[in-house]
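Fold and contact review
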Amino acid sequence: MLRFLTAGESHGPCLTAIVDGLPAGLEVDIEAINRDLTRRQGGYGRGARMKIERDRAEVLGGLMGGRTTGAPVALRIDNRDWANWRERWADDDLPRLTVPRPGHADYAGMVKYGLDDARPVLERASARETAARVAAGALAKQLLAAFDVVVGSYVSEIGGMVATIPDHPLADLWARAEESEVRCPDAEASGRMKAAIDRAKEAGDSLGGVFVVAALGVPVGLGSHVQWDRRLDARLAAAVMSIPAVKGVEIGPAFENARRPGTHVHDEFVPAAEGGVSRLSNRAGGLEGGMTNGQPVVVRAAMKPIPTTLAPMRSVDLATGEPAETEYQRSDVCAVPAASIVGEAMVAWVLADALLDKLGGDSIAEMAR
Ligand SMILES: Cc1cc2nc3c(=O)[nH]c(=O)nc-3n(C[C@H](O)[C@H](O)[C@H](O)COP(=O)(O)O)c2cc1C
């Protein structure tokens, strides 16, 4: 029902997102979109590019009087860096790259599209594109918020520095994460993570890590057990895995659960004081049988280390066939905090789509009914 597409190159004029399927009557707060764009730009360990950009979304269609009309919403985010590239772009004089960088789309993209230069590949494979996703995801968050569903995130691990996450309500962990330069609710671990990023930078290296996205207020029964492509755990995993550099996704503490016996894993029921049932734990991460079960939805993601490193790596110059070293391109040392914001956008997107699927309706009023 809900879908979005993005377009735009990393050093081109802008990024564009077309968001289709939003119900009519949703009041859109553009500043809330911009706040998420700013959150995506932040985080200790980012490169010089983020000092140039001041991402803001411009709405080019689909809103009237600040509300959705049911028509597609078109969003544009300018690349300020374009000013530095415009002439080279016009003269078809972009820096060529014939030495594919390990961990990037360069090699496979060159072979697949029959290119002798990785420039067209890296321009689009760049995670700059995730700014457009965050803008689209911010619209999904606003749709969810109309039904009291909120999505947030925090970072639990960077470069092997593991946080001790206190057993506090998720909203409290999110608030603490906003205070941390690495979006980690554990202040002591934040310090260790920053020091690890400093060391990696000094060594010309890069780091990855783990972030956790969760959603509160999700009703029971989004998704379905009846067909593989309607299972919401699968759809969430695909959406989060689509984030550049994310290579592992867990629902709840899935890998830890795999090491424990069943009676220590499954979330037991007890009668709830207000009637119905409640649970003694949430190790299932809010999903059973491909459906939300009324508990917070918890998705964890593993991000590989940033593939661009100042210290060169071995490669081959595809123009000559000779061994060569990778050439450094301006880059982040660590982008796990930024990726957690992209994770929020992707989780919000899938949940908003599933909510629309469950409630139906062409307007917010119909959905509410
Ligand atoms: C928010 C964010 C920022 C990123 N920044 C960089 C970067 O500055 N330099 C880099 O080499 N990779 C960066 N990446 C990762 C690459 O885009 C990604 O690893 C690469 O395109 C290859 O795709 P794959 O890792 O999914 O296979 C970033 C990823 C995210 C999510």
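For the structure, check the block above.
This write-up is about the structure you can find in this document. (Residues numbered from 1 in each chain as written. Predicted model: local features only at pLDDT ≥ 70, side-chain atom pairs only at ≥ 80, totals over all residues.)

1. A short note on the overall build of the protein chain
Scanning the protein chain from N- to C-terminus turns up 12 helices and 17 strands. Here the protein chain has a C-alpha radius of gyration of 21 Å; the compact-globule value for 369 residues is 21 Å, and the two agree. On the principal axes, the C-alpha backbone points of the protein chain span a range of 70 × 50 × 40 Å. When burial is assessed residue by residue, the protein chain has 40% of its 369 residues classed as buried. For the protein chain, contacts bridging at least 24 residues in sequence account for 70% of all contacts bridging at least 6. (Helix = DSSP H or I, 4+ residues; strand = E, 2+ residues; numbered from the N terminus. Rg over C-alpha atoms; globule rule 2.2 N^0.38 Å. Buried ≥ 20, exposed ≤ 12 C-beta atoms within 10 Å, placed from the backbone. Contact = placed C-beta atoms within 7 Å.)

2. Overview of the nonpolar core
Most often, soluble globular proteins keep nonpolar side chains buried together rather than apart. Residues Ala135, Ala136, Val240, Val347 and Leu351 are the most contacted members of the largest nonpolar core, which totals 86 residues. Membership of the second largest hydrophobic core comes to 7 residues, among which are Leu97, Met110, Val121 and Leu318. (Core = buried A, V, L, I, M, F, W, Y, C linked by C-beta atoms within 7 Å.)

3. Some points on the site of the ligand
In the vicinity of the ligand lie 21 residues, with Ala127, Pro244, Thr308, Asp332 and Ala335 positioned nearest. Split by residue class, the shell around the ligand holds 12 nonpolar, 7 polar and 2 charged. (Near = placed C-beta within 6 Å. Nonpolar A, V, L, I, M, F, W, Y, C, P; charged D, E, K, R; others polar.)

4. Things to note about the sheet that holds strand E6 (residues 73–78)
If you walk across this open sheet you meet the 4 strands as E1-E2-E6-E3, and the pairing is antiparallel. Because the sheet does not close on itself, it has two edges, and the strands there are strand E1 (3–7) and strand E3 (57–61). Shown here is a sheet whose adjacent strand axes are inclined to one another by a mean of 20 degrees, direction ignored. As paired elements, E1 and strand E2 (residues 14–20) share 5 bridges and run antiparallel to each other. Within the sheet, the bridge partner assigned to Thr6 lies in E2 and is Ala17. The sheet contacts of helix H1 (residues 30–41) involve E3 and E6, and relative to E3 the element is tilted by about 135 degrees. Of the strands in this sheet, E1, E2, E3 and E6 are in contact with helix H6 (residues 130–145), which crosses E2 at around 30 degrees. (Pairing = 2+ DSSP bridges. Axes fitted to C-alpha atoms, helices over the stretch in contact; angles between N-to-C directions.)

5. Here's the deal with the packing of helix H9 (residues 232–241) against helix H11 (residues 336–359)
Viewed as axis vectors pointing N to C, H9 and H11 meet at an angle of 145 degrees, and their least axial separation amounts to 9 Å. Considering the relative orientation of H9 and H11, their crossing is right-handed. Taking contact as the criterion, the partners of Leu232, Arg235, Leu236, Ala239 and Val240 in H9 are, on H11, Gly343, Met346, Val347, Trp349, Val350 and Ala354. Counted by class, the contact of H9 with H11 contains 9 nonpolar, 1 polar and 1 charged residues. (Left-handed = near helix turned anticlockwise from the far one by under 90°.)

6. Focus: H1
Each α-helix winds once per 3.6 residues, and so residues spaced three or four apart point in a common direction. Taking 1.5 Å of rise per residue, the 12 residues of H1 would be expected to cover 16 Å, and the 17 Å separating its terminal C-alpha atoms lies within 8% of that figure. Listing the buried residues of H1 in full gives Ile33, Asp36, Leu37, Arg39 and Arg40. Projected onto a plane normal to the axis of H1, the buried residues spread over an arc of 160 degrees and lie on a single side. Facing away from the buried side of H1 by more than 90 degrees, the exposed set consists of Glu31 and Arg35. Of the residues one or two after H1, Gly43 is the one with positive phi, at around 105 degrees. (Expected span 1.5 Å × (residues − 1). Arc of directions from axis to C-beta.)

7. What about helix H7 (residues 170–179)?
Residues Leu173, Trp174 and Ala177 constitute the buried set of H7. Within H7, the buried residues cover an arc of 100 degrees as seen down the axis, which keeps them to one side. Across H7 from its buried face, at more than 90 degrees, point the exposed residues Asp172, Glu178 and Glu179. Packed against the buried residues of H7 are strand E7 (150–158).

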